[in-house]
Amino acid sequence: MSSSEAFTELPSVAPQLRALRRHASLTLEAAAGAAGLSPAHLSRLETGQRQPSLPMLLALARIYGTTVSELLGETVTDRDAVVRAADMEPTEAGGWTYFQAGAPGRGMQALRVQVPHGSQGDIVRVHPGEEWLYVLKGRLRLRLGDTTHRLGPGDSAHFDSLTPHRIAAQDPAGVELLFVHTLLQSPTATLCLGPTPGETP
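Residues numbered from 1 in each chain as written. Predicted model: local features only at pLDDT ≥ 70, side-chain atom pairs only at ≥ 80, totals over all residues. Heavy atoms only, no water.

1. Looking at the confidence of the model for the chain
- With 71% of its residues at a pLDDT of 70 or more, the chain shows a mean pLDDT of 75.
- Of all secondary-structure elements in the chain, the lowest mean pLDDT belongs to helix H1 (residues 3-6), at 38, while strand S6 (residues 147-151) reaches the highest, 95.
- Within the model, the stretch residues 1-11 combines pLDDT values under 50 with 23 contacts to residues more than four positions away or in other chains.
- Counted against residues more than four places away or in other chains, residues 184-201, with its pLDDT under 50, gives 53 contacts. (pLDDT = per-residue confidence, 0-100. Helix = DSSP H or I, 4+ residues; strand = E, 2+ residues; numbered from the N terminus. Contact = heavy atoms within 4.5 Å.)

2. Here we look at the sheet that holds strand S8 (residues 165-169)
- Pairing is antiparallel across the open sheet formed by three strands, whose spatial order is S6-S5-S8. Among the strands making up the open sheet, the edge pair consists of S6 and S8. Taking the axes of each pair of neighbouring strands and ignoring which way they run, one obtains an average angle of 20° across the sheet.
- Pairing of strand S5 (residues 140-144) with S6, which is carried by five bridges, proceeds in the antiparallel orientation. When the bridges of S6 are listed, Arg141 appears paired with Arg150. (Pairing = 2+ DSSP bridges. Axes fitted to C-alpha atoms, helices over the stretch in contact; angles between N-to-C directions.)

3. Overview of the pairing of strand S3 (residues 109-115)
- Only one face of S3 is covered, namely the one carrying Gln109, Leu111, Val113 and Val115; the face carrying Ala110, Arg112 and Gln114 has none of its residues buried.
- Of the strand pairs in this sheet, strand S2 (residues 96-100) and S3 are connected by four bridges, and their pairing is antiparallel. Within S3, the residue paired with Phe99 across the bridge is Arg112.
- One ladder, built from seven bridges, connects S3 with strand S9 (residues 175-181); its direction is antiparallel. Directly across from Gln109, in S9, lies its bridge partner His181. (Buried < 20%, exposed > 50% of the residue type's maximum accessible area, 1.4 Å probe, protein only.)

4. Notes on the packing of aromatic side chains
- For the structure shown, the criterion picks out one aromatic pair.
- Seen from their ring centres, Trp132 and Tyr134 are 6.2 Å apart, and the 20° between their planes marks the pair as stacked.
- By relative accessible area, which is 30% here, Trp132 ends up partly exposed.
- Its end group placed over the ring of Phe99, Arg112 keeps NZ or CZ at 4.2 Å from the ring centre. (Phe/Tyr/Trp six-rings, centres within 6.5 Å; stacked < 30°, edge-to-face > 60°. Lys NZ or Arg CZ within 6 Å of the ring centre and 35° of its normal.)

5. Digging into the layout of surface pockets
- Within this model, the largest pocket holds a volume of roughly 340 Å³.
- Leu58, Arg62, Gly129, Glu130 and Thr182 are the residues nearest the centre of the largest pocket, which is lined by 14 residues in total.
- For the lining of the largest pocket, the secondary structure elements donating two or more residues are helix H5 (54-64), strand S4 (130-137), strand S7 (156-160) and S9.
- Its residues assigned to classes, the lining of the largest pocket shows six nonpolar, four polar and four charged. (1 Å grid on protein atoms, 1.4 Å probe; cavity = no way out; pocket = protein on both sides within 12 Å on 5 of 7 lines; lining within 4 Å. Points joined across faces, edges and corners; volume = space filled by probe spheres on them. Nonpolar A, V, L, I, M, F, W, Y, C, P; charged D, E, K, R; others polar.)

6. Topic: helix H2 (residues 14-23)
- Three or more residues of H2 are buried, namely Ala14, Leu17, Leu20 and Arg21. Taken around the axis of H2, the buried residues stretch over an arc of 140°, which confines them to a single face. Seen from the buried face of H2, the exposed residues on the opposite side, beyond 90 degrees, are Pro15, Arg22 and His23.
- Trailing H2 by a residue or two, Ser25 shows a phi angle of about 60°, which is positive. (Arc of directions from axis to C-beta.)

7. Observations regarding the pattern of salt bridges
- For the structure on display, the rule yields four salt bridges.
- In this structure, the salt-bridge partner of Glu46 is Arg18, at a minimum N-O distance of 3.4 Å. Here the residue Glu46 occupies a position in helix H4 (residues 39-46), and Arg18 occupies one in helix H2, the gap between them amounting to 28 residues.
- According to the relative accessible area criterion, Glu46 is buried, its value standing at 6%.
- Residues Arg21 and Glu46 are paired through a salt bridge, measuring 2.6 Å at the closest nitrogen-oxygen approach. With Arg21 in helix H2 and Glu46 in helix H4, this residue pair connects regions lying 25 residues apart in the sequence.
- On the accessibility criterion, Arg21 (9% relative accessible area) is buried.
- Linked through salt bridges whose partners overlap, the residues forming this network are Arg18, Arg21 and Glu46. (Salt bridge = Lys/Arg side-chain N within 4 Å of Asp/Glu carboxyl O.)

Pasting the structure below:
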């Protein structure tokens with residue numbers, strides 16, 4: 001999945017970018033320099049002529065002392081901070097079953113994932129962001145670049161999602177994971193867990 005596909009559903013961040021920069025008392029030049037952008041590029045982001053990539057959003061959120069959710073103009077109520085087990089509806093994609101374990105509209109997405117044996121083991125993923133996973137049950141085969149890791153219950157991994165990676169259950173009974181990644185507002189079908197539309201295993 002490309003970064004442009006990941007952001008097709010995002011609302012315009014232009015009004016928030018400008019307001020938060022001014023609230024932080026930063027000039028266009030100062031904010032752009034801190035984010036590694038040209039002033040002209042940041043100006044285009046603030047006027048809605050360009051959409052920011054995930055790394056840009058994360059960098060600007062840090063500079064302005066805020067969250068990606070606020071940059072997106074979203075508010076999350078206190079009740080959204082807790083997700084009850086009874087409210088976690090299972091969703092399937094590409095043979096994987098996952099449960100939303102976090103509130104929507106956040107800078108990170110938290111999931112509980114069940115990966116059956118033999119499902120999606122050959123699909124390599126590369127996308128912006130970071131991923132963290134923790135093995136709850138079963139054994140996992142995690143390929144990062146040219147290295148294969150085998151993880152058991154209690155093992156975890158934290159890696160840059162731009163590193164080519166693939167996940168597969170090592171045991172016939174499958175594997176169950178806790179999974180957190182920084183793809184923002186990914187539609188269910190493009191969570192970079194199962195295949196994207198039109199892709200075949």
